[in-house]
Amino acid sequence: MGVILEMENICKQFPGVLANDCICFSVNEGEVHALLGENGAGKSTLMNILCGLYKPTSGEIRLEGETVRFNSARDAMERGIGMVHQHFMLIPTMTVTENCLIGDKEGSSVKLDRKEAGRRLRELAERYGMEIDPDAVVGTLSVGEMQRVEIVKALFRGAKILILDEPTAVLTPQEARALFKMIRALTDHQFTVIFISHKLDEVKEISDRVTVLRQGTVVGTHDIDDCSIEDLARLMVGRDIYFDAVTRQQPIGDTLLDVNNLSLHREKSNDGKLLDDLTFEVHEGEILGIAGVDGNGQAELVECLTGIRKASSGEALYRGKNLLDLSTREIMSHDVSHIPQDRQKTGLVMPMTLVENFALQDYYKKSFGKSVFLDWSGVEERSTKLIQDFSIKTPSPYELAQNLSGGNQQKVVVAREISRQPQLLIAMHPTRGLDVGAVEYIHNQLIDQRDKGVGVVLVSTEMEEIMRLSDRIIVLYEGRAMGCVRPSETTVEEMGLMMGGRTLDDIRKGRVNGTPAEEKMM
Amino acid sequence: MDLLQTIGGYLFTDIRMAAPVLLAGLGLLLMNWSGLLNIGAEGTMLIAALAAVAGSHYFGSVWMGLLLAMLAGAVFGLLFAVLTVTLRANQTVVGAAINILGLSLSTTLNRVLFGVETTVTKVDSFKVLEIPLLSKIPVIGQAFFAQMPIVYIAFLLVPVMHYFLFKTKPGLNLRSVGENPRVADTLGINVYRTQYLATIIGSMIIAAGGAFLSTGLLNFFTEDMVAGRGYIALAAVIFGKYKPAGIMIAAMIFMAGNVVSNVLQVAGVGIPYTFLTMIPYILTIVALTIFASRAVAPASLGKPYKRG
């Protein structure tokens, strides 16, 4: 088992973000090498570089000792690197065979040889223990089957190194089992598999070695046998979390928002749930943190609570009304404010001025003008005051939102929402992508609101932020609440395990991997 | 026997009338499968109709007319491709612009070349090419085997196009571009080149349809002579479910309306002829409202693709 692939000092600079910072990564032939890390740790960027979709800013890739340079996915494929993306690169109206033949240049004839291709596909599938009907139309297959098609497609095109990007994210547990079996069959035949994941259990189960990424750098590469799940959690999340609790001025008040059995089904109801039976409370003067790896139902939860999306069942009682029955306008008019997850897409209208953006939420109210006419001088006055109060750096209130820095854009959103004097504030990723100063400022604003007795729902993937600000934390995993903890009563390991899909009960009972942990036995 | 002959006659007219719509539809189909929605068939056909007359007039050969028409079509196709593929302009807006350009340019050029006279300039036009023996088959012989060459070409293109799209590698690659250009791109297909080629060749086929109007059905050019056939072709593609044979059937059904309207006009049923000439258009609208929702368009039709 020699080294088949080396990536050396890979850096990738995106505008404003250093996604990969001098990453060194090497893979042995025939192993399953896991790439573990939180969202934004740089896993996908690194793999997109490897499969030719991105070009690295600097660094070198060596394949079997030979330096290679990929200009396209095709280049990488020709050197035997195939990637199975999280979003399948398949055309649903075509058959399995057709999907495998797109762009195929083998043979001189222009005629499509479906029979021959189908025979080869069947052969490949059989050899590695997969079941595939080459003539099936892809759109009629289940997600697990489509993934199999993607894998066979990569093999069909001569892949020797297979990159699987969060392959189990879309699978049922049974399908995941089958996938693991397939991976084993492949590595038995000297194929190499790179397995991207943030789920600790499966990394522990399937991989031979693991490389952990955090914030664009490599934390370490380890043999999986040398690491416990707790070790992995600590490596992934990071040791350096500061827990200096923010001193609070006021005791927590009465229940403000009472969510009961909130569920949201996928469009096709048998595809499982996006939100599964969530029950929690938010009190006055409390920050409730919603933690979890991105895409585990946080966005859906916020959309349900703000009326953007219709929940399938359950209730969210707030001042005697069920928020789930109300429209967004009605919810907002009951002193609810919302800092949306993406300031550029949903928080602001980028080509509009700050004055216009400040008027967006409440423009229809009496204080903004008479009948259909806006009182522009009043709106300007209000804007100027907000710009001052929130120290937003802008040349004028009539500057376009798109010309402000990210931090100042976010301040505009925060200023607009907080100036409405909400009772309930729902903030999603309020500091994402901001510099330290802006983060601090927005944190202080949230704390300020809490001290005024506002109930705050803070959704964030930043462990540090959640631990520092929240009074209580709920961890979401695949739409389910893994547990509810106080920051002072939990550990990084425990949070990491919950984010990786373990319930708090299981962890506290000391049941890791289904068997009692040794220290608890003693 | 008399009735059979009449039916044969209707069929003859229907096939002849359907040919230009069929050609335009097949040209559009090629573009649609590359993911481009071009509503500019009407304008392309118009400029081609004029180019055909000009070519036939100046070179004395109807085939030179056809060549010139297809060249004009290629230029219009290139224009569409530059604007929508390279510059990623809105395809519907560009298509509408092509229609306006085709109408005004053909009108102006016609007046410049042939003057503003009441008498039209007649030119050499396509002659009927009778296939020996086959054209003697009773009832259908004349309808199927005593048509102009371009009609044969149009209908022969149906199986050719089907084979190309669904049985060849380039056809599969073209369809993958229309379904999901990103997938095609990652699999090493040059998306932009594919779209350029499809648009230029497609526009040339549409142009052949236009040429047939002025040098086949007639032997002169009149302003706005395409009279909505470019739009009917658009409808035929949808009604034909993006398949060549489907487009052929659609073109024949829509144009059968034309035949019916002609027959009723001749028979003098007392309905104003303006209403009768509406029949093919009404047929198109009705067919579209019933069938449009069931058509399966290429998934990325009309969406501009940006690499990276």
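Before reading further, recall that the structure is shown in the block above.
The shown structure was predicted, so the numbers you read here are calculated from the model rather than taken from an experiment.

Chemist: So what's going on with the pairing of strand S13 (residues 287-291) of chain A? Which residues, and what values?
Modeler: All names here are of chain A. Among the five residues that make up S13, five are buried, leaving the element largely enclosed by the rest of the structure. Side-chain alternation along S13 places Ile287, Gly289 and Ala291 on one buried face and Leu288 and Ile290 on a second face that is also buried. By the bridge criterion, four bridges tie S13 to strand S18 (residues 455-459) in an arrangement that is parallel. Bridge pairing in S18 places Gly289 opposite Leu458. For S13 and strand S19 (residues 472-477), the ladder comprises four bridges, and the chain directions are parallel. Along S19, the bridge assignment pairs Ala291 with Val475.

Chemist: Kindly report on the packing of helix H7 (residues 169-179) of chain B against helix H9 (residues 191-217) of chain B, identifying the contributing residues and their values.
Modeler: All names here are of chain B. Orientation of H7 relative to H9, taken along the N-to-C sense of each, is 105 degrees, at an axis distance of 10 Å. Viewed along their axes, H7 and H9 adopt a mutual orientation that is roughly perpendicular. Between H7 and H9, the residues in contact are Asn173, Leu174 and Val177 and Val191, Thr194, Gln195 and Ala198, respectively. Across the contact of H7 with H9, the residue classes tally to four nonpolar, three polar and no charged.

Chemist: Report on helix H8 (residues 229-237) of chain A, specifying residues and quantitative values.
Modeler: Turning to H8 of chain A, its buried residues number three or more, namely Leu232, Ala233, Leu235, Met236 and Val237 of chain A. Each element contacted by the buried residues of H8 of chain A is listed here: strand S3 (32-36), helix H7 (200-206), strand S9 (209-214), strand S10 (217-223), helix H16 (463-469) and helix H17 (492-499) of chain A.

Chemist: Any chance you could break down the sheet that holds S9 of chain A for me, citing the residues and the numbers?
Modeler: Residue and element names in this part refer to chain A. Taken together, six strands build an open sheet; the order of strands is S6-S7-S8-S3-S9-S10 and the sheet is mixed. Of all strands in the sheet, those bounded by a partner on one side alone are strand S6 (81-84) and S10. Between one strand and the next, the sheet's axes are offset by a mean angle of 20 degrees, whatever the strand orientation. Where strand S7 (residues 161-165) and strand S8 (residues 192-197) come together, five bridges link them in parallel fashion. Bridged to Leu164 within S8 is Phe195. Where helix H5 (residues 143-156) meets the sheet, its contacts fall on S6 and S7, and the angle it forms with S6 comes to roughly 170 degrees. On the sheet, H8 packs against S3, S9 and S10 and is oriented at approximately 30 degrees with respect to S9.

Rules of the game
Residues numbered from 1 in each chain as written. Chains lettered and ligands numbered in written order. Predicted model: local features only at pLDDT ≥ 70, side-chain atom pairs only at ≥ 80, totals over all residues. Buried ≥ 20, exposed ≤ 12 C-beta atoms within 10 Å, placed from the backbone. Helix = DSSP H or I, 4+ residues; strand = E, 2+ residues; numbered from the N terminus. Pairing = 2+ DSSP bridges. Axes fitted to C-alpha atoms, helices over the stretch in contact; angles between N-to-C directions. Parallel < 35°, antiparallel > 145°, perpendicular 65-115°, else oblique. Contact = placed C-beta atoms within 7 Å. Nonpolar A, V, L, I, M, F, W, Y, C, P; charged D, E, K, R; others polar.

From the geometry alone we can't say anything about function, so treat these as descriptive.
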